[in-house]
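Per-entry structural report
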Amino acid sequence: MTLNENEITLTINGESMRAWAPSRMHAADFLRQRLGYTGTHVGCEQGVCGMCTVMVDGQAVKSCLMLAAQLDGAEVRTVESLAEGENLSALQQSFKRHHGLQCGFCTPGFLMLASSLAARGETMSREQIRDEISGVLCRCTGYEGIVRAVEEYLQLQQPKGSHPQQAEEASR
Ligand code: FES
Ligand code: FES
(Lines give C-alpha, C1' and ligand atoms only; values in the text may rest on other atoms or scores of the structure.)
(Ligands and ions follow the chains in the order given, each with its own letter.)
Protein backbone atom coordinates (compact mmCIF):
# COMPACT_ATOMS: atom_id res chain seq x y z
CA MET A 1 0.00 0.00 0.00
CA THR A 2 1.18 3.53 -0.78
CA LEU A 3 -0.17 6.88 0.41
CA ASN A 4 -2.25 7.19 -2.76
CA GLU A 5 -4.07 3.89 -2.31
CA ASN A 6 -7.65 3.44 -1.16
CA GLU A 7 -8.76 0.76 1.25
CA ILE A 8 -11.47 -1.43 -0.26
CA THR A 9 -13.56 -3.87 1.75
CA LEU A 10 -15.66 -6.24 -0.29
CA THR A 11 -17.13 -9.71 -0.47
CA ILE A 12 -15.83 -11.75 -3.36
CA ASN A 13 -17.25 -15.16 -4.20
CA GLY A 14 -18.67 -15.30 -0.67
CA GLU A 15 -15.42 -14.39 1.07
CA SER A 16 -14.94 -11.05 2.87
CA MET A 17 -11.68 -9.31 2.17
CA ARG A 18 -9.84 -6.05 2.45
CA ALA A 19 -7.32 -4.73 -0.05
CA TRP A 20 -5.84 -1.50 -1.37
CA ALA A 21 -5.81 0.03 -4.82
CA PRO A 22 -4.64 3.27 -6.42
CA SER A 23 -7.45 5.75 -7.12
CA ARG A 24 -7.16 5.30 -10.89
CA MET A 25 -6.96 1.49 -10.97
CA HIS A 26 -9.97 -0.06 -12.68
CA ALA A 27 -11.85 -2.92 -11.09
CA ALA A 28 -10.69 -5.55 -13.62
CA ASP A 29 -7.02 -4.88 -12.87
CA PHE A 30 -7.81 -4.82 -9.15
CA LEU A 31 -9.48 -8.24 -9.32
CA ARG A 32 -6.64 -9.70 -11.35
CA GLN A 33 -3.54 -8.02 -10.01
CA ARG A 34 -4.38 -7.30 -6.38
CA LEU A 35 -6.73 -10.18 -5.57
CA GLY A 36 -5.49 -12.85 -7.99
CA TYR A 37 -8.85 -13.53 -9.70
CA THR A 38 -7.26 -13.92 -13.13
CA GLY A 39 -10.31 -15.68 -14.55
CA THR A 40 -11.61 -12.17 -15.25
CA HIS A 41 -10.05 -11.35 -18.62
CA VAL A 42 -9.10 -7.96 -19.98
CA GLY A 43 -9.36 -7.14 -23.67
CA CYS A 44 -10.19 -3.66 -24.91
CA GLU A 45 -10.35 -1.80 -21.56
CA GLN A 46 -12.92 0.49 -23.20
CA GLY A 47 -16.20 -1.26 -22.41
CA VAL A 48 -16.53 -2.83 -25.87
CA CYS A 49 -15.48 -6.50 -25.72
CA GLY A 50 -17.12 -7.63 -22.46
CA MET A 51 -14.24 -9.99 -21.56
CA CYS A 52 -14.04 -8.38 -18.12
CA THR A 53 -17.70 -8.98 -17.18
CA VAL A 54 -18.28 -9.88 -13.54
CA MET A 55 -21.31 -9.64 -11.24
CA VAL A 56 -21.44 -6.76 -8.81
CA ASP A 57 -24.35 -6.74 -6.37
CA GLY A 58 -26.22 -9.18 -8.64
CA GLN A 59 -25.74 -7.21 -11.88
CA ALA A 60 -23.41 -8.03 -14.75
CA VAL A 61 -20.92 -5.19 -15.17
CA LYS A 62 -17.89 -4.56 -17.34
CA SER A 63 -15.25 -4.26 -14.70
CA CYS A 64 -12.87 -2.24 -16.88
CA LEU A 65 -15.42 0.56 -16.72
CA MET A 66 -15.51 0.64 -12.91
CA LEU A 67 -12.89 1.95 -10.56
CA ALA A 68 -11.61 -0.46 -7.96
CA ALA A 69 -12.69 2.05 -5.31
CA GLN A 70 -16.30 1.63 -6.45
CA LEU A 71 -16.18 -1.99 -5.25
CA ASP A 72 -15.93 -0.85 -1.65
CA GLY A 73 -18.81 -2.53 0.19
CA ALA A 74 -19.85 -4.53 -2.89
CA GLU A 75 -20.67 -8.18 -3.30
CA VAL A 76 -18.67 -9.44 -6.30
CA ARG A 77 -18.83 -12.72 -8.15
CA THR A 78 -16.23 -13.79 -10.66
CA VAL A 79 -15.97 -16.86 -12.86
CA GLU A 80 -14.00 -18.59 -10.08
CA SER A 81 -17.26 -18.84 -8.11
CA LEU A 82 -18.82 -21.29 -10.57
CA ALA A 83 -16.99 -24.62 -10.38
CA GLU A 84 -16.96 -26.64 -7.18
CA GLY A 85 -13.43 -27.99 -7.00
CA GLU A 86 -12.91 -30.14 -10.07
CA ASN A 87 -16.62 -30.22 -10.89
CA LEU A 88 -17.95 -27.86 -13.52
CA SER A 89 -21.13 -25.98 -12.68
CA ALA A 90 -24.31 -26.68 -14.67
CA LEU A 91 -23.66 -23.53 -16.70
CA GLN A 92 -20.11 -24.56 -17.55
CA GLN A 93 -21.33 -28.04 -18.48
CA SER A 94 -23.84 -26.48 -20.89
CA PHE A 95 -21.05 -24.51 -22.57
CA LYS A 96 -19.00 -27.68 -22.85
CA ARG A 97 -21.92 -29.73 -24.19
CA HIS A 98 -22.84 -27.16 -26.86
CA HIS A 99 -19.26 -26.27 -27.85
CA GLY A 100 -19.77 -22.72 -26.63
CA LEU A 101 -16.05 -22.01 -26.57
CA GLN A 102 -12.91 -22.44 -28.58
CA CYS A 103 -9.97 -20.37 -27.33
CA GLY A 104 -11.99 -19.57 -24.19
CA PHE A 105 -10.84 -15.98 -23.81
CA CYS A 106 -14.39 -14.65 -23.95
CA THR A 107 -15.86 -17.47 -21.87
CA PRO A 108 -15.63 -15.94 -18.36
CA GLY A 109 -17.49 -12.89 -19.64
CA PHE A 110 -20.27 -15.00 -21.17
CA LEU A 111 -20.52 -17.20 -18.09
CA MET A 112 -20.96 -14.25 -15.75
CA LEU A 113 -23.41 -12.58 -18.10
CA ALA A 114 -25.42 -15.81 -18.30
CA SER A 115 -25.32 -16.09 -14.50
CA SER A 116 -26.85 -12.63 -14.21
CA LEU A 117 -29.57 -13.56 -16.74
CA ALA A 118 -30.39 -16.70 -14.74
CA ALA A 119 -30.62 -14.62 -11.56
CA ARG A 120 -33.49 -12.69 -13.18
CA GLY A 121 -35.51 -15.92 -13.34
CA GLU A 122 -37.10 -15.05 -16.68
CA THR A 123 -37.68 -17.28 -19.67
CA MET A 124 -36.13 -15.94 -22.86
CA SER A 125 -36.42 -16.68 -26.55
CA ARG A 126 -33.26 -17.26 -28.60
CA GLU A 127 -33.61 -13.77 -30.03
CA GLN A 128 -33.79 -12.27 -26.55
CA ILE A 129 -30.74 -14.28 -25.51
CA ARG A 130 -28.83 -13.06 -28.57
CA ASP A 131 -29.75 -9.51 -27.67
CA GLU A 132 -28.84 -9.92 -23.99
CA ILE A 133 -25.43 -11.44 -24.67
CA SER A 134 -24.48 -8.95 -27.37
CA GLY A 135 -22.32 -7.05 -24.89
CA VAL A 136 -19.67 -9.78 -24.97
CA LEU A 137 -17.75 -10.44 -28.18
CA CYS A 138 -16.40 -13.78 -29.39
CA ARG A 139 -13.99 -14.03 -32.30
CA CYS A 140 -14.03 -17.83 -32.54
CA THR A 141 -17.37 -19.56 -32.21
CA GLY A 142 -19.91 -17.77 -34.37
CA TYR A 143 -22.10 -17.57 -31.22
CA GLU A 144 -24.41 -20.51 -32.08
CA GLY A 145 -23.05 -22.81 -29.37
CA ILE A 146 -23.01 -19.98 -26.85
CA VAL A 147 -26.66 -19.14 -27.50
CA ARG A 148 -27.67 -22.81 -27.23
CA ALA A 149 -25.70 -23.22 -24.00
CA VAL A 150 -27.25 -20.14 -22.41
CA GLU A 151 -30.70 -21.20 -23.58
CA GLU A 152 -30.30 -24.66 -22.08
CA TYR A 153 -29.00 -23.27 -18.81
CA LEU A 154 -31.84 -20.77 -18.48
CA GLN A 155 -34.33 -23.59 -19.12
CA LEU A 156 -32.66 -25.71 -16.43
CA GLN A 157 -33.16 -22.87 -13.96
CA GLN A 158 -36.92 -22.77 -14.54
CA PRO A 159 -39.28 -24.80 -12.35
CA LYS A 160 -39.97 -28.11 -14.15
CA GLY A 161 -42.62 -27.82 -16.87
CA SER A 162 -42.81 -24.01 -16.78
CA HIS A 163 -40.82 -23.29 -19.93
CA PRO A 164 -42.94 -23.31 -23.13
CA GLN A 165 -40.62 -25.89 -24.73
CA GLN A 166 -40.81 -28.14 -21.67
CA ALA A 167 -44.59 -27.84 -21.58
CA GLU A 168 -44.76 -28.76 -25.29
CA GLU A 169 -42.51 -31.79 -24.74
CA ALA A 170 -44.58 -32.87 -21.74
CA SER A 171 -47.81 -32.72 -23.76
CA ARG A 172 -46.47 -35.04 -26.51
S1 FES B 1 -11.92 -5.27 -21.28
FE2 FES B 1 -13.74 -4.51 -20.41
S3 FES B 1 -15.11 -4.38 -22.05
FE4 FES B 1 -13.24 -4.99 -22.99
S1 FES C 1 -13.90 -18.65 -27.83
FE2 FES C 1 -12.28 -17.45 -28.58
S3 FES C 1 -13.01 -15.42 -28.38
FE4 FES C 1 -14.70 -16.65 -27.86
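On domain assignment, one finds that the chain holds domain 1 (5-81) and domain 2 (90-161). Its C-alpha centre places domain 1 at a distance of 21 Å from the equivalent point of domain 2. Contacts between the two partners involve 14 residues from domain 1 and, on the opposite side, 13 residues from domain 2. If you list the elements that add at least two residues to the side of domain 1 that touches domain 2, you get strand 3 (53-56) and strand 4 (59-62).

Let us look at the packing of helix 2 (residues 90-97) against helix 5 (residues 144-157). Where helix 2 contacts helix 5, the axes come no closer than 8 Å and their chain directions differ by 145°. Seen along the crossing, helix 2 lies across helix 5 with a hand that is right-handed. In contact with A90, L91, S94 and F95 of helix 2, helix 5 contributes A149, E152, Y153 and L156. Tallied by class, the residues present in the contact of helix 2 with helix 5 amount to six nonpolar, one polar and one charged.

Cut-offs and rules
- Residues numbered from 1 in each chain as written.
- Chains lettered and ligands numbered in written order.
- Predicted model: local features only at pLDDT ≥ 70, side-chain atom pairs only at ≥ 80, totals over all residues.
- Domains from an automatic or database assignment.
- Contact = placed C-beta atoms within 7 Å.
- Helix = DSSP H or I, 4+ residues; strand = E, 2+ residues; numbered from the N terminus.
- Axes fitted to C-alpha atoms, helices over the stretch in contact; angles between N-to-C directions.
- Left-handed = near helix turned anticlockwise from the far one by under 90°.
- Nonpolar A, V, L, I, M, F, W, Y, C, P; charged D, E, K, R; others polar.

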